[in-house]
Amino acid sequence: MENTKNISSIKTVNPFNNEVVKQFEVMSKDQVNTIISKADEAFKNWRKTSFAQRSAIIHKVAEIMRSRKEELGKLATLEMGKLLRESIAEVELSADIFDYYASKAESLLADKKLETPIGKAFISYEPIGVILSVQPWNFPFYQITRSAAPNLMAGNTMVLKHASNVPQCAQVMEDIIREAGAPDGVYSNLFIPGKDIESYVNNPKIKAVTLTGSEPAGASIAAAAGAKVKKSTLELGGSDPFVVLDDADLDDAVQTAVYGRMWNAGQVCVSPKRVIVPESKYDEFLQKVKDIFSKLKVGDPMDPKTDVAPLSSEKAAADVAVQIDKAKAQGAHILLGGHRVDRPGAFVEPTLITDITPDMDAYYEEIFGPVFMLYKYKTLEEAIELANATEFGLGGTVFATDKEKAVEVARQIETGMVYINHVTGIAPELPFGGTKGSGYGREQSEAGIYEFVNEKLIRVTDSKNPY
Ligand code: NAP
């Protein structure tokens, strides 16, 4: 076990066995401010580079990532514990996102002509400067890609404050972007703890902030940005509903929901955290869930036979165990699992909870671990009410054979994304983001590149007759 005295908060601790692998020095205020100044300096030239120049560099980032996907995947698994095959798929997805923006940015940011009766008018899309990106550990490459790819292509520069438990992933991305040809200062890491980042939002050279993470972190960063009239985007937590309609293929629905929930040991913002099934199908659904659970193999994330990985850290596992205990104490039924696994490492048993009622915390909270919460409903109105009975509004699923009916239900779910017959999925060309307590703004897709550009109106008229 680690010695907690006098060690940096920025370090690799392998959650498979809780061993400290590598520590990083926390940067001083001067070091951080120097990096921000360098990013501001770099912006002056980077904004003037052509799309073709930027595109060559960003495509190269994608190429390097793909060529090193096994190595990068192993690094993610080492630092935050997810299954190696999931880590490698994440590296591939990140490369696809870099390629998407490298190919599309020029057309997306071309001048947009506006119709006006006098003269001519158009929107010129212009970069705004240094963007501060604050990101979580659960997808250590994908999370940073979502903001880096569109912003670097738009001509902004970026400083990244990555989660403290994935410093090697942060470092290797900075190295790759540099190796691909990005000039000094265009993209740099800040190795500082999250609680210290807020003060840097005030630095006048930081022009905007994007954060993915928990609600408290998002609220504090957004408040600091708002106080200085700087734009922010927030991608926060979720408690996604997975609504099964009565005509759904139950085997398919159970399989999708269980594997969706166990993905990344349940540490996915858009994991199906609340599964809502018709009362008439409840017993059958429950039995099928139990059957799959009995086959789940918890273990070494590097082993291809493992289904459920450790959580990202000892603290994450302990926090989930506390939430499960609280649900039990408040009267929910823990039908399977419910404990830490009796072995070293940040493991929690795959857990099945039922009979959760509105007077319990589990009804409202996000549980960031392998915890499957099953609800039943009598009427569709009740299902929709349940689906919306949380402050979160990130993603969700409707499972049904009648897709038109499923779309009607999807329209009534108060989230930023709803997927039919699939857990919330990800593709570079599709927008990602939430509503309500899950934040605001969009990443990926065309929408993602407009968040941090100045959409400047330029109108050209004859001075004698401007209106
Ligand atoms: P977290 O504690 O909020 O950490 C996320 C990032 O914010 C880390 O870099 C962290 O740095 C930093 N941070 C922590 N406290 C901060 C503060 N007071 N001010 C500014 N930054 C701060 O989040 P987490 O619990 O590790 O991550 C899981 C959460 O992220 C879940 O709620 C999950 O649903 C959400 N998430 C959302 C999305 C989405 O797209 N909507 C995607 C993935 C995850 P340190 O590591 O140094 O503390």
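Here the structure is shown first, and the text comes after it.
Residues numbered from 1 in each chain as written. Predicted model: local features only at pLDDT ≥ 70, side-chain atom pairs only at ≥ 80, totals over all residues. Heavy atoms only, no water.

J.: Account for the overall build of the protein chain, naming residues and giving values.
T.: For the protein chain, the helix and strand inventory stands at 13 helices and 18 strands. Its C-alpha atoms give the protein chain a radius of gyration of 23 Å, near enough to 23 Å, the size a compact globule of 467 residues would have. By principal-axis analysis of the C-alpha atoms, the protein chain measures approximately 75 × 60 × 40 Å. Out of the 467 residues in the protein chain, the part that is buried amounts to 56%. Across the protein chain, every contact between residues at least 6 apart in sequence was considered, and the portion connecting residues at least 24 apart equals 71%. (Helix = DSSP H or I, 4+ residues; strand = E, 2+ residues; numbered from the N terminus. Rg over C-alpha atoms; globule rule 2.2 N^0.38 Å. Buried < 20%, exposed > 50% of the residue type's maximum accessible area, 1.4 Å probe, protein only. Contact = heavy atoms within 4.5 Å.)

J.: Would you mind going over the site of the ligand in detail, with residue names and values included?
T.: Neighbouring the ligand are 30 residues; Trp137, Ser164, Ser214, Leu236 and Glu366 lie closest to it. The contact in question runs from an oxygen atom of the ligand to an N or O atom on the backbone of Gly194, over 2.8 Å. With respect to the ligand, the backbone of Leu236 contributes an N or O atom lying 2.7 Å from a nitrogen atom. Of all the secondary-structure elements, those providing two or more residues to the shell around the ligand are helix 5 (142-154), strand 8 (206-212) and helix 8 (215-227). A per-element tally of the shell around the ligand places helix 8 first, with 3 residues. The residue makeup of the shell around the ligand, split by class, is 14 nonpolar, 12 polar and 4 charged. (Near = heavy atom within 4 Å. Polar contact = N/O pair within 3.5 Å; in protein donor to acceptor, adjacent residues only side chain to side chain. Nonpolar A, V, L, I, M, F, W, Y, C, P; charged D, E, K, R; others polar.)

J.: Hey, could you go over the sheet that holds strand 18 (residues 453-460) for me, with residue numbers and the actual values?
T.: Strand order in the open sheet formed by 3 strands is 3-4-18, with antiparallel pairing between adjacent strands. On the outer flanks of this sheet lie strand 3 (112-114) and strand 18, each paired with one strand and no other. Sheet twist, expressed as the mean angle between neighbouring strand axes with direction ignored, is 30 degrees. Bridging between strand 4 (residues 120-127) and strand 18 involves 8 bridges; their strand directions are antiparallel. Bridging across to strand 18, Glu126 finds its partner in Asn454. (Pairing = 2+ DSSP bridges. Axes fitted to C-alpha atoms, helices over the stretch in contact; angles between N-to-C directions.)

J.: How would you explain the environment of Glu106 if you had to name every residue and give the values?
T.: Checked against the element boundaries, Glu106 lands in helix 4 (residues 84-108). Residues Glu106 and Phe51, 55 residues apart in the sequence, show an inter-C-alpha distance of 5.9 Å.

J.: Hey, could you go over helix 2 (residues 51-67) for me, with residue numbers and the actual values?
T.: Helix length check: helix 2 (17 residues) gives 24 Å between terminal C-alpha atoms against 24 Å at 1.5 Å per residue, within 8%. Against helix 1 (29-46), helix 3 (69-80), helix 4, helix 5 and helix 6 (167-179) lie the buried residues of helix 2. (Expected span 1.5 Å × (residues − 1).)

J.: How would you summarise the pattern of salt bridges if you had to cite specific residues and measurements?
T.: Under the criterion given, the structure shown has 25 salt bridges. Note that Lys288 and Asp251 form a salt bridge whose closest N and O atoms lie 2.8 Å from each other. Placement of Lys288 in helix 10 (residues 279-295) and of Asp251 in helix 9 (residues 250-262) is noted, with a sequence separation of 37 residues between them. For Asp251, a relative accessible area of 49% translates into the label partly exposed. Between Glu314 and Arg340 there is a salt bridge; the shortest N-O distance is 3.0 Å. Taken together, the residues span a long stretch of sequence, with Glu314 in helix 11 (residues 314-329) and Arg340 in the loop between strand 12 (333-336) and strand 13 (351-354) at a distance of 26 residues. With a relative accessible area of 29%, Glu314 lands in the partly exposed category. Judged by relative accessible area, Arg340 falls into the partly exposed class, the value being 27%. Where salt bridges share partners, they join Lys38, Glu174, Arg178 and Asp184 into one cluster. (Salt bridge = Lys/Arg side-chain N within 4 Å of Asp/Glu carboxyl O.)

J.: Before we move on, could you go through a negative patch on the surface and cite the residues and values that matter?
T.: Residues Asp246, Asp247, Asp402, Glu404 and Glu408 make up a contiguous surface patch of negative charge. Along the chain, the position of Glu404 falls in helix 13 (residues 403-411). Overall, the relative accessible area of 66% leaves Glu404 in the exposed class. (Patch = residues over 30% accessible without salt bridge, like charges linked within 9 Å, V, L, I, M, F, W, Y side chains within 5 Å. Areas by Shrake-Rupley, 256 points an atom, 1.4 Å probe, with all protein chains shown as cover. Lys, Arg positive; Asp, Glu negative; His and termini not counted. Charge placed at Lys NZ, Arg CZ, Asp CG, Glu CD.)

Any link to function would need more than the numbers given here.
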